[in-house]
Amino acid sequence: MGVAVNSDFFKFTYEFRRHNLKQLDKNKPRVSCIASSSISKKIKRTTTITTHAAASSSPAPGAHYPEQLLDVKTKQKSKRIAGIDQDELVDPKLLADPDSCFCEFNGVHLHYKVYDAESQSHNSLQSQTASQLPPATKKIGFPMILFHGFGASVFSWNRAMKPLAKTTSSKVLAFDRPAFGLTSRVFPFQQPTPDTENKKPLNPYSMAFSVLATLYFIDILAAEKAILVGHSAGALVAVNSYFEAPERVAALILIAPAILAPRLTQKEDEGNPLGTNEQTERDTSNLVNLLKPFLKVYTILSMFLKYITQAMMQVAKGMADMLHSLYKKVLSATLRSAVGVTLVRILIDKFGLAAVRRAWYNSKEVAEHVIEGYTKPLRVKGWDRALVEFTAALLIDNESKMNPPLAKRLHEISCPVLIVTGDTDRIVPSWNAERLSRAIPGSTFEVIKNCGHMPQEEKVEEFVSIVARFLQRAFGYSESEGKSMQAVS
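Keep in mind the model is a prediction, meaning the values are calculated, not measured.

Asker: Describe the overall build of the chain, and please don't skip the residues or the numbers.
Answerer: Across its full length, the chain carries 16 helices and 11 strands. Looking at the chain as a whole, 37% of its 489 residues are labelled buried.

Written out as structure tokens, the structure is:
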């Protein structure tokens, strides 16, 4: 009996525990579902309330959802380059200053400014003739043409144009080269092919175009000669213009010139060294007689190897030229693609403003209006494609292949030359300018202290004073004229 009781007790306990476990299993998911359902109802209720509130309040566009506002900001940021909105690009003439002038040359509308010291105002030259030129221009006969550097424009001469005009008592003209400033961007232009080599139009982004435009402006100024003033990469245009027409260039003024100067080698003294020992000469003569048979064989073998080497070098050179030409064509095609344009936009956005500040000796002196002046061309339609075309033209420059390298022709310059550099130029080091001055016979070299890459902007008075002294020496001004030039500057 006792066993029966115990058996019933254990059976009862087992069933009781089993029943409780089932209840727990049933209750757990039920509680979870109830909680989820409750939360879901709350979310739906909250969403409904929020929707009705949004519909009734009618807030300003863009204020509904933070995500949309974030997207708008992201899009706005992506469409700005160096702080310039790229959704509002315009024709360059709409950005012109009151003193801006435009003229058409070979289908390109060139933007330029000219300051006339005599009339004390900026004038358009297109309606002027030689008889209408001011007396001072007739007297001196040498107006100035100013060339800006890479990425710059006429703006970089704003502070120097008026002082230079007063110093020279002549006209001073600065123009924007194609791809820069407010000069029109032209595309497409016909690419050269073997069939159209003689009929091809002039590439507006080539060096040849800039050189011919320079001669065109000398004609507009109704002058036989002009003083060419080139800053940085603009110095290349000035020097190339000289070699194109040296009879049209009165003098060259190169500021921080971006021209790679050749390495200079010292001339070795000719003749025999002093104190030659006669005994040594006799011994050497005897040794030469003894080795004559061997020297003859050596000479024959050397000549044979020389011919073989020359033949191999010609083959290698031909292959190298072919590969180099192919490389340039591929690179040019890549640059002209959407990838190249995108790359240019990225580089200008990331490094454009930094390069402007780096050009100054003291970057803190770069005022906001200077930044605005250098970024203004980024508002011109097609500025990015034009910059790509300019770069491609540098790579495929067929004209330069026909002429000797510039470094080997510097000694041919015979006109007066002034080279000016800043002692702290971080773009084109001053030692290169000094070496360049030694490569050009009779050139004058001047260094401006505490100055960077922009002497005509950073140290205007000192720069103009240097130019005045140079012109006085070069063209033989009288002492009284020299003093008056110093006074007006």
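Asker: Describe the confidence of the model for the chain, naming the residues involved and giving the relevant values.
Answerer: Predicted confidence across the chain gives a mean pLDDT of 75, with 58% of residues reaching 70 or more. Taken as a whole, residues 121–139 scores under 50 in pLDDT and shows 41 contacts with residues more than four places along the chain or in a different chain.

Asker: Can you lay out the side chain of Glu458 for me, pointing to particular residues and giving the numbers?
Answerer: Its location among the elements puts Glu458 in helix 14 (residues 455–458). This buried residue, Glu458, is left without a salt bridge; Arg426 holds the nearest opposite charge, at 7.0 Å. Side-chain polar atoms of Glu458 contact the backbone nitrogen of Tyr361, separated by 2.7 Å. In this structure the side chain of Glu458 is engaged in a polar contact, spanning 3.5 Å, whose partner is the backbone nitrogen of His453. Among all residues touching Glu458, those that are not within four sequence positions of it are Ala359, Trp360, Tyr361, Asn362, Cys451, Gly452 and His453.

Asker: Give me the environment of His109: which residues, what numbers.
Answerer: Position of His109 relative to the elements: it lies in strand 4 (residues 108–116). Judged by its relative accessible area of 29%, His109 is partly exposed. As a C-alpha pair, His109 and Pro92 span 17 residues in sequence and 9.6 Å in three-dimensional space.

Asker: Residue-level account of helix 10 (residues 368–375), with values.
Answerer: Taken together, the buried positions of helix 10 are occupied by Val370, Ile371, Gly373, Tyr374 and Thr375. In this structure, the buried residues of helix 10 make contact with strand 2 (84–85), helix 9 (338–359) and helix 14.

Asker: Describe the pairing of strand 7 (residues 171–175), and please don't skip the residues or the numbers.
Answerer: With five of five residues buried, strand 7 is to be regarded as a mostly interior element. Of the two faces of strand 7, the one holding Lys171, Leu173 and Phe175 and the one holding Val172 and Ala174 are both buried throughout. Bridging between strand 4 and strand 7 involves five bridges; their strand directions are antiparallel. Opposite Tyr112, over in strand 7, you have Phe175 as the bridge partner. As judged from the three bridges shared by strand 6 (residues 144–147) and strand 7, these two strands associate in the parallel manner.

Asker: Can you tell me about the packing of aromatic side chains, naming the residues and giving the values?
Answerer: Scanning all chains against the criterion turns up 13 aromatic pairs. Measuring from ring centre to ring centre gives 6.4 Å for Trp360 and Tyr374, while their planes differ by 85 degrees; the resulting arrangement is edge-to-face. One end of the pair, Trp360, is in the loop between helix 9 and helix 10; the other, Tyr374, is in helix 10, and 14 residues separate them in sequence. On the accessibility criterion, Tyr374 (13% relative accessible area) is buried. Pairwise contacts between aromatic rings join Phe105, Tyr112, Phe147, Phe175, Phe209, Tyr216 and Phe217 into one cluster. Note that Arg409 overlies the ring of Phe243, its terminal NZ or CZ placed 4.2 Å from the centroid.

Asker: How would you summarise the side chain of Thr183 if you had to cite specific residues and measurements?
Answerer: Note on placement: Thr183 falls in the loop between strand 7 and helix 5 (207–220). By relative accessible area, which is 0% here, Thr183 ends up buried. Looking at Thr183, its side chain comes within polar contact range of the main-chain nitrogen of His111, at 3.0 Å. Residues contacting Thr183, with those up to four places away along its chain left out, are Pro92, Val108, His109, Leu110, His111, Asp176, Arg177 and Pro178.

Asker: Account for the pairing of strand 10 (residues 417–422), with residues named and values stated.
Answerer: With six of six residues buried, strand 10 is to be regarded as a mostly interior element. Residues Val417, Ile419 and Thr421 of strand 10 are buried on one face, and the alternating residues Leu418, Val420 and Gly422, pointing to the opposite face, are buried as well. Looking at chain direction, strand 9 (residues 249–255) and strand 10 are connected through four bridges and run parallel. Across the sheet, Ile253 pairs through a bridge with Leu418, a residue of strand 10. As judged from the five bridges shared by strand 10 and strand 11 (residues 444–448), these two strands associate in the parallel manner. Across the sheet, Ile419 pairs through a bridge with Phe445, a residue of strand 11. For the handedness criterion, the β-α-β arrangement of strand 10, helix 13 (residues 430–439) and strand 11 is classed as right-handed.

Asker: Give a description of a nonpolar patch on the surface that names residues and reports values.
Answerer: Residues Leu343, Leu347 and Phe351 make up a contiguous nonpolar surface patch of about 300 Å² in total accessible area. Here Leu347 shows up in helix 9. Residue classification places Leu347 among the partly exposed residues on the basis of a relative accessible area of 42%.

Asker: If you had to explain the pattern of salt bridges to someone new, which residues and values would you point to?
Answerer: Within the structure shown, the criterion is met by six salt bridges. Where Asp99 meets Lys113, a salt bridge forms, and the shortest distance between an N and an O atom there is 3.3 Å. Within this pair, whereas Asp99 is found in the loop between strand 2 and strand 3 (101–105), its partner Lys113 is found in strand 4, the two being separated by 14 residues in sequence. Taken together, the salt bridges that share partners define one network made up of Asp97, Asp99, Lys113 and Lys376.

Asker: With reference to specific residues and values, describe the state of the cysteines.
Answerer: Applying the stated criterion across every chain yields a total of zero disulfides. We note that Cys103 lacks a disulfide partner, and the nearest cysteine sulfur, in Cys101, lies 8.6 Å from it. Residue classification places Cys103 among the buried positions, given a relative accessible area of 2%.

Asker: Before we move on, could you go through helix 15 (residues 460–475) and cite the residues and values that matter?
Answerer: Compared with the 22 Å implied by 1.5 Å per residue over 16 residues, the 22 Å span of helix 15 between its first and last C-alpha is a close match. Along helix 15, the residues classified as buried are Val460, Phe463, Val464, Ser465, Ile466, Val467, Ala468, Phe470 and Leu471.

Asker: Residues and numbers for unusual backbone geometry, please.
Answerer: The phi dihedral of Ala82 falls on the positive side, at around 50 degrees, and the residue is not glycine. Counting through the fold element by element, Ala82 comes out in the loop between strand 1 (80–81) and strand 2. We note that Ala179 has phi near 90 degrees; this positive angle belongs to a residue other than glycine. Note that Ala179 resides in the loop between strand 7 and helix 5. In this structure Ala179 comes out as buried when scored by relative accessible area, which is 4%.

Thresholds applied
Residues numbered from 1 in each chain as written. Predicted model: local features only at pLDDT ≥ 70, side-chain atom pairs only at ≥ 80, totals over all residues. Heavy atoms only, no water. Helix = DSSP H or I, 4+ residues; strand = E, 2+ residues; numbered from the N terminus. Buried < 20%, exposed > 50% of the residue type's maximum accessible area, 1.4 Å probe, protein only. pLDDT = per-residue confidence, 0-100. Contact = heavy atoms within 4.5 Å. Lys, Arg positive; Asp, Glu negative; His and termini not counted. Salt bridge = Lys/Arg side-chain N within 4 Å of Asp/Glu carboxyl O. Polar contact = N/O pair within 3.5 Å; in protein donor to acceptor, adjacent residues only side chain to side chain. Pairing = 2+ DSSP bridges. Phe/Tyr/Trp six-rings, centres within 6.5 Å; stacked < 30°, edge-to-face > 60°. Lys NZ or Arg CZ within 6 Å of the ring centre and 35° of its normal. Right-handed = clockwise from strand over helix to strand, strands pointing away. Patch = residues over 30% accessible without salt bridge, like charges linked within 9 Å, V, L, I, M, F, W, Y side chains within 5 Å. Areas by Shrake-Rupley, 256 points an atom, 1.4 Å probe, with all protein chains shown as cover. Disulfide = S-S within 2.5 Å. Expected span 1.5 Å × (residues − 1).

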